[in-house]
Structure formats: C-alpha cells, structure tokens
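Letter by letter, the chains look like this.
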Amino acid sequence: MADLPLSGRVAAITGASSGIGEATAVALAQAGAAVSLGARRVDRLEALAARIEEEGGQALAVECDVADEASAHAFIATTVEKLGRLDILVNNAGVMLLGPIEGADTDQWRRMVDVNVLGLLYCTQAALPHLRDSGHGHVVNVSSVAGRTASAFVGVYNATKWAVTGFSEALRQEAAMSKIRVTCIEPGMVETELPTHNTNPAVIETIAKMKEKYGEVLESEDIAAAILHAVTAPPRVNVNEVLIRPTGQTR
Ligand SMILES: NC(=O)c1ccc[n+]([C@@H]2O[C@H](COP(=O)([O-])OP(=O)(O)OC[C@H]3O[C@@H](n4cnc5c(N)ncnc54)[C@H](OP(=O)(O)O)[C@@H]3O)[C@@H](O)[C@H]2O)c1
C-alpha cells in the first residue's frame, strides 16, 4: 500500500457506523489510510472494520459518544495509542430532528446541539495537538446545505449546522499557523438513515415529497469522494468549503 495517496496516514472518522461516515471510512482506507471508526453502535463499526481489513486495509473500531466530552477525548486518544498518530479528523457524526419550534421536545434540541456542535468541538480540541504533530493535519467538518439555507421547521438543525460552518472558518484561520487544513463539507439531500429518526408525521411526509421532487438524491459515496478529494489535494491546496446538492435540489 506504500504508493497509495494516504499511505502512512491515520484518519479518525466520527459517525462511521452508517451513511456518509461509513462511505468515507471505506474511501480513505482504499486510499491507504489506517482508519479509526467512532460511533455508538460498535457492532456496526466492528463489521465495517472487518470488511476494510478483508480488502487489505487497516481499521480500528472504537465505541464512542461524541456528545460525552470524555468519550470524545478517549476516541482520539485510543486512535493515537493504537494507530500511532493522527493526520485527518472527519467530524461527521450528526442527528437531524425536524419540526416546529413551538411545542418542540427540547430534548431533541439538546441532542442536536450536543452531537452536531459540542461533539464536533470536543473531537476537534482533542485532535489538534496530534494534527499539529502530524505536519499535514486536516480537519473535515460535515455541515450541510442547512448550514447555508434556513427553512421553516428546520430551525434548530439549521442553527447547529450554521455553527459548524462558522466554526470551520474560525478554525481554518487559527489552524493555518500550524499547517492544519480545514474543510467544511455541505451536502444537500443524501440517501442515509439520517431522516429516519424523525417521528413527526408532517416532517416525514415533507421529506418524502422533497425526495420525490428532486428525482435523484446523492449517495454517501458522492460525499466521500469530495472528502477524499480535499484530503488528497497537494499540501499547498486548502479546500475550504464544498457545497454539493443533488442536481434536482433547488434550495
Ligand atoms: N443525509 C443527508 O441528507 C445529509 C445532508 C447534509 C448533511 N448531513 C450530515 O452528514 C452527517 C452524517 O449523516 P448521515 O446522513 O450519514 O446519517 P446517518 O447514516 O444517520 O449517520 C449518522 C452517524 O452519526 C452517528 N452518531 C449519532 N449520534 C452520535 C453520538 N452521540 N456519538 C457518536 N456518533 C453518533 C451515528 O452512529 P451511532 O448511531 O452508531 O452512534 C451515525 O454513524 C451528519 O452530520 C449530517 O448532519 C447529512
């Protein structure tokens, strides 16, 4: 694997148990990186790690809850301890629970803020010293089109993704001194488990209608390809922001 673009590099990916995180882990492993897979469903991480290793890659499954500061720090520490270094952090774990602001279950708000915002901050803070030591560190934050375009009934998810987009730009400026690159990825609608956690019937119906209207939505592999592009770009190139919509998505 010595001649692959990410040979010798280590990437930690949060939310690697499904969707975009899983596809990104596969793409980075195929490009030669040893991948550390973080999420709560450790059985899925172990199955993915086994699949990556069967294909000749190196993978480590680490049970973690990014919303828990100690668990987020332990994810990064375990990665470095077991894989020897850290070059790339993909902050991908996220939840999207939509509905009206009035009468909302505020536990759902807290979950989104805890995972989408605080989880990303905890992992980033834990990773920064290792990324600096790497000499070519890279943080990839998965925001959303929802971090650029707000909509009714998406308010709190919008707020969390706006936070990710804003934080990414501030981090980019701060980390540039340490030669750490920062990329903010903003996907439109991708076919994953993400919307399936919604329970509000009106939300479920609206998502189904939007999907029908767009015709064809993105696949997780489309986002993984954008992440791979950013992390394999020459060191002088810092891909700061990538906004990707399905061709039929208008907003
Ligand atoms: N799908 C879309 O249309 C779309 C569009 C724009 C942006 N995004 C963003 O893309 C990212 C990935 O989402 P996805 O679409 O791939 O959905 P997904 O398949 O539901 O994946 C979400 C991942 O986040 C993990 N996660 C959730 N809570 C966690 C926690 N407390 N600690 C650690 N991991 C946690 C889940 O793993 P466990 O449940 O095993 O912990 C899962 O692996 C999210 O940030 C999402 O906001 C998605």
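Caption draft 1: Broad picture of the site of the ligand. In the vicinity of the ligand there are 29 residues, among which Gly15, Gly19, Arg40, Arg41 and Gly94 approach most closely. Only α1 (19-30) and α4 (106-134) provide two or more residues apiece to the shell around the ligand. Of all the elements, α1 adds the most residues to the shell around the ligand, at 3 residues. Looking at the shell around the ligand residue by residue, the classes come out as 14 nonpolar, 11 polar and 4 charged.

Caption draft 2: Quick look at unusual backbone geometry. Residues other than glycine seldom take positive phi values, yet Phe153 does so here, at roughly 75 degrees. The residue Phe153 is located in the loop between β5 (138-142) and α5 (155-176) in this model. Under the C-beta neighbour-count criterion, Phe153 is labelled partly exposed, with 16 such atoms within 10 Å. Phi is positive for Lys179, which is not a glycine, with a value near 60 degrees. Along the chain, Lys179 falls in the loop between α5 and β6 (181-187).

Caption draft 3: Fine view of the pairing of strand β2 (residues 34-39). With respect to burial, β2 is a largely interior element, 6 of its 6 residues being buried. Both faces of β2 are covered, namely the face carrying Ala34, Ser36 and Gly38 and the face carrying Val35, Leu37 and Ala39. Examined bridge by bridge, strand β1 (residues 10-14) and β2 share 5 bridges and lie parallel to one another. For Ala11, the partnering residue across the bridge sits in β2 and is Val35. In this view, the connection linking β1 to its parallel neighbour β2 by way of α1 has right-handed handedness. As paired strands, β2 and strand β3 (residues 58-63) are joined by 6 bridges and run parallel to one another. Each residue of the ladder has a partner; that of Leu37, found in β3, is Ala61. The handedness of the β2 to β3 crossover, carried by helix α2 (residues 42-54), is right-handed.

Caption draft 4: A look at the nonpolar core. Counting residues in each nonpolar core, the largest one holds 73 residues, and the members touching the most others are Ala25, Val35, Leu37, Cys123 and Ile227. The residues contacting Ile227, other than those within four sequence positions of it, are Thr24, Ala27, Val90, Val140 and Ile185.

Caption draft 5: Quick look at α5. Over its 22 residues, α5 runs 32 Å from end to end, which matches the ideal 32 Å to within 8%, given 1.5 Å per residue. Residues of α5 that are buried include every one of Val156, Tyr157, Asn158, Thr160, Lys161, Val164, Ser168 and Ala175, and no others. On its buried side, α5 packs onto α4, β5 and β6.

Caption draft 6: Just the environment of Asn92, in detail. Structurally, Asn92 is set in the loop between β4 (88-91) and α4. If we skip the residues at most four places from it in the chain, Asn92 touches Ile13, Thr14, Gly15, Ile20, Gly21, Thr24 and Val142.

Caption draft 7: Geometry of the pairing of β6. Judged by how many residues are buried, β6 sits mostly within the fold: 7 of 7 residues are covered. Along β6, one buried face is formed by Arg181, Thr183, Ile185 and Pro187 and the opposite face, lined by Val182, Cys184 and Glu186, is buried too. Sheet topology places β5 next to β6; 5 bridges connect them, and they run parallel. Along β6, the bridge assignment pairs Val139 with Val182. Taken together, β5, α5 and β6 constitute a β-α-β crossover, and its handedness is right-handed. Looking at chain direction, β6 and strand β7 (residues 241-244) are connected through 4 bridges and run parallel. Bridging across to β7, Glu186 finds its partner in Leu243.

Caption draft 8: Local environment of the environment of Ala70. Structurally, Ala70 is set in helix α3 (residues 69-83). For Ala70, a count of 10 C-beta atoms within 10 Å translates into the label exposed. Along the chain, Ala70 and Cys123 lie 53 residues apart, while their C-alpha atoms are 9.8 Å from each other.

Thresholds applied
- Throughout, residues of each chain are indexed from 1 in the direction in which the sequence is written.
- Whole-chain, interface and lining totals are the exception, using all residues; otherwise, since this is a predicted model, local features are given only for residues with pLDDT of at least 70 and side-chain atom pairs are given and counted only at 80 or more.
- Whether a residue is near a molecule or strand depends on its C-beta atom, generated from backbone atoms, being within 6 Å of that molecule or strand.
- Helix and strand assignments come from DSSP, with helices taken as H or I runs of at least 4 residues and strands as E runs of at least 2, each series counted from the N terminus.
- In this count, Pro and Cys sit with the nonpolar residues alongside Ala, Val, Leu, Ile, Met, Phe, Trp and Tyr, while Asp, Glu, Lys and Arg are called charged and the others, Gly among them, polar.
- With C-beta atoms placed from the backbone, the exposure class of a residue follows from how many other C-beta atoms lie within 10 Å of its own: 20 or more, buried; 12 or fewer, exposed; in between, partly exposed.
- Pairs of strands are assigned from DSSP output, requiring at least two bridges between the strands.
- Whether a crossover is right-handed comes down to one check: with the strands pointing away from the viewer, does the path from the first strand over the helix to the second run clockwise; if it does, it is right-handed.
- In this usage, the nonpolar core is the set of buried Ala, Val, Leu, Ile, Met, Phe, Trp, Tyr and Cys residues whose C-beta atoms join them within 7 Å.
- Contacts are defined on C-beta atoms placed from the backbone: any two residues whose C-beta positions lie within 7 Å are in contact.
- Expected span of a helix: the number of residues minus one, times 1.5 Å.

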